[in-house]
Amino acid sequence: MTDDYKLETLAVRSGIERSQFGEHSEALYLTSSFVFKSAAQAAARFGNQEPGNIYSRFTNPTVTVFEQRLAALEGAECCVATASGMAAITACAMGLMKAGEHIVCSAGVFGATVQFFGTIMKRFGVDTTFVSGTDITRWQAAVQKNTRLLFVETPSNPLTEVYDIAALAVVAKKAGALLAVDNCFCSPALQQPLALGADIVIHSATKYLDGQGRVLGGAVLGKKNVIHEGVFGFLRTAGPTLSPFNAWVILKGLETLGIRMAAQSTAALELAQWLEQQPGIARVYYPGLSSHPQHELAMRQQKSGGGIVSFDVKGGKEAAWRIVDNTRLISITANLGDTKTTITHPASTTHGRISPEARAAAGLGDGLLRVAVGLENIEDLKTDLARGMSQTKG
Ligand SMILES: *Cc1c(COP(=O)(O)O)cnc(C)c1O
């Protein structure tokens, strides 16, 4: 599609290639392999002399529609879909790095990302330095001669720390390294890291891209020479490929991404402002609040604050669990980005496998709760959270 179309249009229209039946909705091609007309055509496809599908571990037309649509939304030259968000991070690291190289990663990333870089990549000879805080000089100091990848999640999970993507891109460029941004919390509807100078965008499509909590998926996006050679080369051989069914579900999710993100951001801001007024709450973390330490940067870099609100409950774990256990509407589940509001106690769940020292370094207290705001009525959500709070001693 031409570049002139705006995001909302691209979200519903881009990537479609109709079959001979002229279907209006995107077709779902559930097939593991594709048939060749002749031995010569099979040879030409395998030999890369003729474009076309061979086997769904490599490419599949439904997966391709999803990849092209997400690429259009992120403004990326190339997109490779993966089986999950972690498969995207795995394909990025394994596809682009080798033993002896080094990663600089923000300490406040998704728990499994810390685990993957810190233990699994380490076993393969890739060391990671985790940087606490958003101060750019700390990133500069962490860079080594062999640094190949800078990895950041912004806003971070669950503390919603905001990192200056443009400034990190300068650090990466000077170091001869690639800057990868996990754009899970914002999605392309609110933030486009490539336009700010990042080299790679990572997605857990499981979250806002599907947006309805149905399937797992992921994606790696960026320039063709980086993504196609390294990441796709790894994926087609190693195999953490997105299934066509999941691709179809997620690409239909993309159609409503913009309106969901807008509605969930508006509701999250209202909830964050309300939480700030509650006596039992010590601190609220939300980039859309003027009290957020990087509020200005967030508003420059993002369209709005996004759908995730975290907060410290006075009284630690016991008081936090009381709020969780008194909800009747909000789901107690680790997922986020769903139309149904979810609540998590990170210290005992998503970040439970990280050592207490690492959790403390990341600023993750025992009283911290994370709410991913869905599409329910905001007053119903406040009532649901207030129930456990009314018993909280201030
Ligand atoms: C969930 C999540 C991931 C991992 O995605 P999966 O689809 O669960 O594998 C990575 N990064 C962030 C920020 C996430 O929230």
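**Student:** For this particular structure, what's the right way to read the pairing of strand β7 (residues 218-222)?
**Tutor:** Look at any regular strand and the pattern is simple: side chains alternate between the two faces of the sheet. Among the five residues of β7, five are classified as buried, and the element is accordingly described as predominantly covered. Of the two faces of β7, the one carrying G218, V220 and G222 and the one carrying A219 and L221 are both buried. Bridge count for strand β1 (residues 78-82) against β7 is five bridges, and the pairing is antiparallel. Its bridge partner being in β7, C79 is matched across the sheet by L221. Two elements, strand β6 (residues 200-204) and β7, share five bridges in a ladder whose sense is antiparallel. Bridge pairing in β7 places H203 opposite A219.

**Student:** Would you explain a nonpolar patch on the surface in this entry?
**Tutor:** The grouping of L28, L30 and F245 at the surface amounts to a nonpolar patch, some 280 Å² of accessible area in total. Summarising the element assignment, L30 is placed in the loop between α1 (7-13) and α2 (39-46). The class for L30 is exposed, based on a relative accessible area of 60%.

**Student:** Help me understand the pairing of β1, please; the structure alone is not making it clear to me.
**Tutor:** Most of β1 sits out of view: five of its five residues are buried. Residues of β1 alternate between two faces, with C78, V80 and T82 on one and C79 and A81 on the opposite face, all of them buried.

**Student:** Looking at this model, I keep getting lost on the site of the ligand. Mind explaining?
**Tutor:** For the ligand, the full set of nearby residues is S84, G85, M86, F110, E153, N157, D182, C184, S204, T206, K207 and G217. Here a nitrogen atom of the ligand sits 2.6 Å away from a polar atom, N or O, in the side chain of D182. At 2.9 Å from an oxygen atom of the ligand is found a side-chain nitrogen or oxygen belonging to S204. Contact with the protein chains hides 93% of the accessible area of the ligand, taken as 380 Å² for the molecule alone. A molecule is said to occupy a pocket when more than half its atoms come within 2 Å of that pocket's grid points, and by this definition the ligand occupies the second largest pocket. Grouping the constituent residues of the shell around the ligand by class yields three nonpolar, six polar and three charged.

**Student:** How should I be thinking about the pattern of salt bridges in this particular structure?
**Tutor:** Side chains that differ in sign of charge can pair as their charged atoms come close. Following the criterion strictly, the structure yields 13 salt bridges and no others. A salt bridge links K252 to E26; its shortest N-O distance comes to 2.7 Å. Residue K252 is located in helix α10 (residues 244-254), and its partner E26 is located in the loop between α1 and α2; the two are separated by 226 residues in the primary sequence. By relative accessible area, K252 is classed as partly exposed at 24%. For E26, a relative accessible area of 7% puts it in the buried group. Between R300 and D164 there is a salt bridge, with its nearest N and O atoms 4.0 Å apart. Placement of R300 in helix α12 (residues 295-301) and of D164 in the loop between β4 (147-153) and α7 (165-175) is noted, with a sequence separation of 136 residues between them. The exposure class of D164 is partly exposed, given its relative accessible area of 23%.

**Student:** Hey, could you run me through the nonpolar core in this one?
**Tutor:** Nonpolar side chains in soluble globular proteins generally cluster together in the buried interior. Ranked by internal contacts, the top residues of the largest apolar core, which has 36 residues, are F66, L70, L221 and L257. Residue assignment for this core shows that the elements contributing at least two residues are α1, α3 (61-74), β1, α8 (187-190), β7, α10 and α11 (257-276). With near-sequence residues (within four places) excluded, F66 lies in contact with A81, A205, G218, A219, L242, A247, I250, L251 and L254. Residues A88, L96, M97 and V220 belong to the second largest nonpolar core, which totals 32 residues.

**Student:** Sorry if this is basic, but what is going on with the sheet that holds strand β5 (residues 178-182) here?
**Tutor:** Consider a sheet: its strands pair through backbone hydrogen bonds, and that pairing is either parallel or antiparallel. Taken in spatial order, the seven strands line up as β1-β7-β6-β5-β4-β2-β3 in an open sheet, and their pairing is mixed. A single partner strand is all that each edge strand has here, and the edge strands are β1 and β3 (127-131). If you compare each strand with its neighbour and ignore which way they point, the axes differ by 20° on average. Pairing of β5 with β6, which is carried by three bridges, proceeds in the parallel orientation. Among the inter-strand pairings, V181 is bridged to a residue of β6, identified as V201. In the packing of helix α4 (residues 85-96) onto the sheet, contacts are made with β1, β4, β5, β6 and β7, and the angle to β6 comes to roughly 150°.

**Student:** So what exactly am I meant to see when it comes to α3 here?
**Tutor:** Since there are 3.6 residues in each turn of an α-helix, residues three or four apart along the chain are aligned in direction. For α3, which comprises 14 residues, the first-to-last C-alpha distance of 20 Å matches the rise-based estimate of 20 Å (1.5 Å per residue) to within 8%. Buried within α3 are the following residues: T62, V63, V65, F66, E67, R69, L70, A71, L73 and E74. At the N-terminal end of α3, a side-chain oxygen is found 2.8 Å from the backbone nitrogen of T62, two or three residues along, and the residue is N60. Backbone geometry just after α3 places G75 at a positive phi near 65°.

**Student:** I would appreciate a short explanation of the side chain of Q302 in the present structure.
**Tutor:** For Q302, the location among the structural elements is in the loop between α12 and β9 (308-313). Among the polar contacts made by the side chain of Q302, one reaches the main-chain carbonyl oxygen of S304 at a distance of 2.8 Å. Among all residues touching Q302, those that are not within four sequence positions of it are P155, V162, C186, L190, Q191 and P287.

**Student:** Can you walk me through the packing of aromatic side chains in this structure?
**Tutor:** When we look at a pair of aromatic rings, we describe it by the centre distance and by the angle of the planes. Using the criterion set out here, one finds five aromatic pairs in the structure. Residues F36 and F46 carry aromatic rings whose centres are separated by 6.3 Å and whose planes lie at 65° to one another, so their mutual orientation is edge-to-face. With F36 in the loop between α1 and α2 and F46 in helix α2, the pair connects residues that are 10 residues apart, well separated along the chain. Its relative accessible area of 23% is what places F36 among the partly exposed residues. The class for F46 is exposed, based on a relative accessible area of 54%. Ring geometry for F117 versus F151: centroids 5.2 Å apart, planes at 80°, classification edge-to-face. Highlighted residues: F117 in helix α5 (residues 111-123) and F151 in strand β4, separated in sequence by 34 residues. Each member of the pair, F117 as well as F151, is classed as buried. Here a set of aromatic residues connected by ring pairs shows up, and it is made of F116, F117 and F151. The cationic tip of K207 hangs over the ring face of F110; the distance from NZ or CZ to the ring centre is 4.9 Å. Above the face of the F58 ring, R236 is positioned so that its terminal group lies 4.0 Å from the ring centre.

Rules and cut-offs
- Residues numbered from 1 in each chain as written.
- Predicted model: local features only at pLDDT ≥ 70, side-chain atom pairs only at ≥ 80, totals over all residues.
- Heavy atoms only, no water.
- Buried < 20%, exposed > 50% of the residue type's maximum accessible area, 1.4 Å probe, protein only.
- Helix = DSSP H or I, 4+ residues; strand = E, 2+ residues; numbered from the N terminus.
- Pairing = 2+ DSSP bridges.
- Patch = residues over 30% accessible without salt bridge, like charges linked within 9 Å, V, L, I, M, F, W, Y side chains within 5 Å.
- Areas by Shrake-Rupley, 256 points an atom, 1.4 Å probe, with all protein chains shown as cover.
- Salt bridge = Lys/Arg side-chain N within 4 Å of Asp/Glu carboxyl O.
- Near = heavy atom within 4 Å.
- Polar contact = N/O pair within 3.5 Å; in protein donor to acceptor, adjacent residues only side chain to side chain.
- 1 Å grid on protein atoms, 1.4 Å probe; cavity = no way out; pocket = protein on both sides within 12 Å on 5 of 7 lines; lining within 4 Å.
- Sits in = over half its atoms within 2 Å of the grid points.
- Nonpolar A, V, L, I, M, F, W, Y, C, P; charged D, E, K, R; others polar.
- Core = buried A, V, L, I, M, F, W, Y, C linked by side-chain atoms within 4.5 Å.
- Contact = heavy atoms within 4.5 Å.
- Axes fitted to C-alpha atoms, helices over the stretch in contact; angles between N-to-C directions.
- Expected span 1.5 Å × (residues − 1).
- Phe/Tyr/Trp six-rings, centres within 6.5 Å; stacked < 30°, edge-to-face > 60°.
- Lys NZ or Arg CZ within 6 Å of the ring centre and 35° of its normal.

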